[in-house]
Each structure stands twice: as C-alpha cells, then as structure tokens.
Amino acid sequence: MRALAFCLGLGLAPAASGTLSIRLDQANSGAAQCQLVFVLENGLSTEFESLQAEVVLLTPESRVLRLSLLDFQSLPANGLRVRSFNLAGLECSNIGRVLFNAMGPCTPLDASSCTAALAVSSATDIEVLK
C-alpha cells in the first residue's frame, strides 16, 4: 500500500496488470535536437530481454516527420524504467503525435503479443497513439 501511495504521490499510476505501459513523460528542445523521455512500466510477469518499437513522428497536421526505431533495451518483470532519446535536427514543437506503428523485437514475446499488451499515454502536449 505504501508503494501505491508513493507512486501516486509522484503522479505515477500503477500499470494495470497484464499491460506494458509506455508514457511520453517529457519533450525537451535544445541544441538542435528534441529529447523524448519515456516512462515504461511492465505489468507483466515476463522480463523483456530486449524491447524495440517502430514509431512515426507526426506534425500537428498529421504529416509524417520521421520514422524511427526506438530501442528501450531490457525491462524487468513488474518493473519500471525511464528511457530518453535525442532526435537530432528536430524541434519538439514540430511533433504533434507519436504513433507506435509496430512493436518488436520484444523478446521473449512475439510482436503481436507485445502490441496487444501495449498501453500508451502522454504527460505532454504531444498525443501518443498505438
């Protein structure tokens, strides 16, 4: 119960059981790049040895800016991790949406199981979709 209160005190809602939750937590512009910071919470009893996602960055008008492969690395079972990605030559204000286009590899699960377990959200002005 204390862990739940601690998480809620930090503004973190616990992941629903059986979900892989990825939240865009921050989007920071600077030095001719955009830094996207994600919080991942594994509500599965499966440890991910590797976790990658193909994402599409879209403008506020839903035009494609960039297609990127994000390597979230490993993620322990029932664990929490923060990962950050620096996208050179891109202003965060030009990003209106982040689309999780495809998952995989997400070892040991197959891509379809990983996608089925995925829940995405955003704590920024950038919309996140799957």
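Shown above is the structure to which this text applies.
Nothing here was measured: the structure is a model prediction, and the numbers come from that model.

Let's talk about the overall build of the protein chain
Alright, step 1. In terms of helices and strands, the protein chain carries 2 helices and 8 strands.
Alright, step 2. The secondary structure elements of the protein chain, listed N-terminal to C-terminal, are α-β-β-β-β-β-β-α-β-β.
Alright, step 3. For the protein chain, restricting intrachain contacts to residue pairs at least 6 apart in sequence, the fraction spanning at least 24 positions comes to 68%.
Alright, step 4. Accessible surface, the protein chain: about 6,900 Å² in total, of which carbon and sulfur atoms supply 51%.

Observations concerning the nonpolar core
For soluble globular proteins, nonpolar side chains are generally found buried alongside one another.
Alright, step 1. By size, the foremost hydrophobic cluster in this structure holds 30 residues, and its most contacted members are L36, F38, L51, F72, V98, F100 and M103.
Alright, step 2. Contributing elements (two or more residues each) for this core: β1 (20–30), β2 (33–42), β3 (48–58), β4 (64–75), β5 (80–88), β6 (97–103) and α2 (111–117).
Alright, step 3. Counting residues per element, this core draws most heavily on β3, at 5 residues.
Alright, step 4. Contacts of V98, omitting those with residues within four sequence positions, involve L24, V55, V56, L57, I126, E127, V128 and L129.

Let's talk about the state of the cysteines
Where two cysteines share a covalent bond between their sulfur atoms, that bond is called a disulfide.
Alright, step 1. One pass over the full model with this rule turns up 1 disulfide.
Alright, step 2. With a sulfur-sulfur separation of 2.0 Å, C34 is cross-linked through a disulfide to C92. What sets the handedness of the C34 and C92 disulfide is the S-S torsion sign, and at about 105 degrees it is right-handed. Here C34, found in strand β2, pairs with C92, found in the loop between β5 and β6; they are 58 residues apart in sequence, far enough to count as distant.
Alright, step 3. Owing to a relative accessible area of 0%, C34 belongs among the buried residues under this scheme.

Details of the packing of aromatic side chains
Alright, step 1. All told, the structure shown has 4 aromatic pairs when counted by the stated rule.
Alright, step 2. Between the aromatic rings of F72 and F85, the centroid separation amounts to 5.3 Å while the plane-to-plane angle is 90 degrees, which identifies the pairing as edge-to-face. Of this pair, F72 sits in strand β4 while F85 sits in strand β5, and the two are 13 residues apart along the sequence.
Alright, step 3. The class for F72 is buried, based on a relative accessible area of 1%.
Alright, step 4. Judged by relative accessible area, F85 falls into the buried class, the value being 14%.
Alright, step 5. An aromatic cluster is defined as three or more aromatic residues linked by ring pairs; in this entry it consists of F38, F72, F85 and F100.

Side note on the pattern of salt bridges
A pair can form between side chains of opposite charge whenever their charged atoms are brought close.
Alright, step 1. This structure, assessed with the given rule, holds 2 salt bridges.
Alright, step 2. Residues D25 and R23 are paired through a salt bridge, measuring 2.9 Å at the closest nitrogen-oxygen approach.
Alright, step 3. Given the relative accessible area of 17%, R23 is considered buried.
Alright, step 4. A salt bridge links E127 to R97; the shortest N-O distance between them is 2.9 Å. Taken together, the positions of E127 in strand β8 (residues 127–129) and R97 in strand β6 put the pair 30 residues apart, joining distant regions of the chain.

Procedures and definitions
- Sequence order sets the numbering: in each chain, residues are counted from 1 along the sequence as written.
- Thresholds applied to this predicted model are a pLDDT of at least 70 for local features of residues and 80 or more for the giving and counting of side-chain atom pairs; totals over whole chains, interfaces and linings are not thresholded and use all residues.
- Only hydrogens and water are set aside when side-chain values are computed; all heavy atoms of the structure are taken into account.
- Strands here mean DSSP runs of E at least two residues long; helices mean DSSP runs of H or I at least four residues long; both are numbered from the N terminus.
- Throughout, a residue-residue contact means that at least one pair of heavy atoms, one from each residue, lies within 4.5 Å.
- Here the Shrake-Rupley method, with its probe set to 1.4 Å, supplies the accessible areas, and only the displayed protein chains count as covering residues.
- Throughout, nonpolar core names a set of buried Ala, Val, Leu, Ile, Met, Phe, Trp, Tyr and Cys residues whose side chains join them through atoms within 4.5 Å.
- Burial classes follow relative accessibility: with a 1.4 Å probe on protein chains only, a residue under 20% of its type's maximum area counts as buried, one over 50% as exposed, and anything between as partly exposed.
- Count a disulfide wherever a pair of cysteine sulfur atoms falls within 2.5 Å.
- Ring pairs shown here join Phe, Tyr and Trp side chains whose ring centres sit within 6.5 Å, with only the six-membered ring taken for Trp; geometry is labelled stacked below 30 degrees between planes, edge-to-face above 60, and tilted in between.
- Here, a salt bridge means any Lys or Arg side-chain nitrogen found within 4 Å of an Asp or Glu carboxyl oxygen.

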